[in-house]
Amino acid sequence: MRLILFGGPGSGKGTQASFLVKEWGIPHISTGDILRKERAQGTELGKQAQTYMDQGALVPDQVIVNMVANRMVEADAQQGWLLDGFPRNVPQSLALEKMLEKIRQPYNYLLFLDVPAATLQDRALNRAKEAAAQSEQKRSDDTPETILKRVHVYEQETLPMIEIYKSHPKFVHIDGTLSIPEVTAAIQRQIGGES
Ligand code: AMP
């Protein structure tokens, strides 16, 4: 199974991704997670990405595209994968289509967890406030300002890309405002799966 999961920051994408990778036994390729790991390890790539991430801005396309291309040729990604957080704008989607054609790995579904931007903002700010109150901010890029910027970038860059994908035969629209189990069930109805 090869899945591409779209959704804004705080859309529940990470939660559904973890269910899906377990269910299908596929690697979870999250560009955000890879970048955070690179940062924690202090690599050159991590250093390059740092400023952008802390501002809630997108890391330059070429950096991300190379990073994903390297990840997709690893052994565990040959039987399937779930892409989370990539592509995030039109140029990245064009680069991905080219990349998949080259390695002959067409995707099965483009899943879009649709949550209105205003709801994303409310959800994300509440989460940031809760985390601050308990002083347990888990991610250095989870300040209220960064979150608002991420939602803005989603509206400006990611939604226009999704608009183009909407007419694709493999595009699946999921109402992301439903509860977590309802979203999981809706995904299963569309793509199959048991639990
Ligand atoms: P995420 O965990 O997906 O919200 O990503 C966290 C941060 O990593 C984003 O705010 C961006 O700075 C960076 N990032 C992750 N994926 C991408 C991408 N596909 N293109 C550009 N930047 C990205």
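Structure's up top.
Residues numbered from 1 in each chain as written. Predicted model: local features only at pLDDT ≥ 70, side-chain atom pairs only at ≥ 80, totals over all residues. Heavy atoms only, no water.

S.K.: Even after reading the chapter, I still don't get the environment of Phe 19, so can you show me in this structure?
M.R.: Within the fold, Phe 19 resides in helix α1 (residues 13-24). Its relative accessible area of 39% is what places Phe 19 among the partly exposed residues. It is 27 Å that separates the C-alpha atoms of Phe 19 and His 152, two residues lying 133 residues apart in sequence. (Helix = DSSP H or I, 4+ residues; strand = E, 2+ residues; numbered from the N terminus. Buried < 20%, exposed > 50% of the residue type's maximum accessible area, 1.4 Å probe, protein only.)

S.K.: Would you explain the site of the ligand in this entry?
M.R.: Not every one of the 16 residues close to the ligand is listed here, only the nearest: Thr 31, Arg 36, Ala 57, Gly 85 and Gln 92. The contact in question runs from a nitrogen atom of the ligand to an N or O atom on the side chain of Thr 31, over 2.8 Å. A distance of 3.0 Å is found between an oxygen atom of the ligand and a side-chain nitrogen or oxygen belonging to Arg 36. For the ligand, whose free accessible area comes to 470 Å², the fraction covered by protein is 95%. In terms of residue count, the dominant contributor to the shell around the ligand is helix α2 (residues 31-40) (four residues). Of the residues belonging to the shell around the ligand, the class tally is seven nonpolar, four polar and five charged. (Near = heavy atom within 4 Å. Polar contact = N/O pair within 3.5 Å; in protein donor to acceptor, adjacent residues only side chain to side chain. Areas by Shrake-Rupley, 256 points an atom, 1.4 Å probe, with all protein chains shown as cover. Nonpolar A, V, L, I, M, F, W, Y, C, P; charged D, E, K, R; others polar.)

S.K.: Mind showing me how you'd approach helix α7 (residues 144-165) here?
M.R.: An α-helical turn contains 3.6 residues, so any two residues separated by three or four positions project in the same direction. In a regular helix each residue adds 1.5 Å, so 22 residues correspond to 32 Å; α7 covers 30 Å between its end C-alpha atoms and thus fits that length. Of all the bends in α7, the largest measures some 40 degrees and sits at Thr 158, one to four residues before the proline Pro 160. Three or more residues of α7 are buried, namely Thr 146, Ile 147, Arg 150, Val 151, Val 153, Tyr 154, Thr 158, Met 161, Ile 162 and Tyr 165. (Expected span 1.5 Å × (residues − 1). Bend = angle between axes of the 7 residues up to and from the residue.)

S.K.: How should I be thinking about helix α3 (residues 44-55) in this particular structure?
M.R.: What α3 keeps buried is the set Leu 45, Gly 46, Ala 49 and Met 53. Within α3, the buried residues cover an arc of 80 degrees as seen down the axis, which keeps them to one side. Of the residues in α3, the exposed ones pointing more than 90 degrees away from the buried face are Glu 44 and Lys 47. Residues of α3 that are buried make contact with α2, α4 (61-72) and α7. Trailing α3 by a residue or two, Gly 56 shows a phi angle of about 75 degrees, which is positive. (Arc of directions from axis to C-beta. Contact = heavy atoms within 4.5 Å.)

S.K.: What am I meant to see in the sheet that holds strand β1 (residues 2-7) here?
M.R.: Two strands in a sheet stick together by hydrogen bonds in their backbones, pointing the same way (parallel) or opposite ways (antiparallel). Strand order in the open sheet made by the five strands is β2-β3-β1-β4-β5, with parallel pairing throughout. In the strand order of this sheet, the two ends are held by β2 (28-30) and β5 (171-175), each with one partner. For this sheet, the mean inter-axis angle between neighbouring strands, taken without regard to orientation, is 20 degrees. For β2 and strand β3 (residues 81-84), the ladder comprises three bridges, and the chain directions are parallel. When the sheet's bridge partners are listed, His 28 is paired in β3 with Leu 82. Together, β1, β2, β3 and β4 (109-114) form the strand contacts of α1, whose direction differs from that of β3 by roughly 175 degrees. (Pairing = 2+ DSSP bridges. Axes fitted to C-alpha atoms, helices over the stretch in contact; angles between N-to-C directions.)

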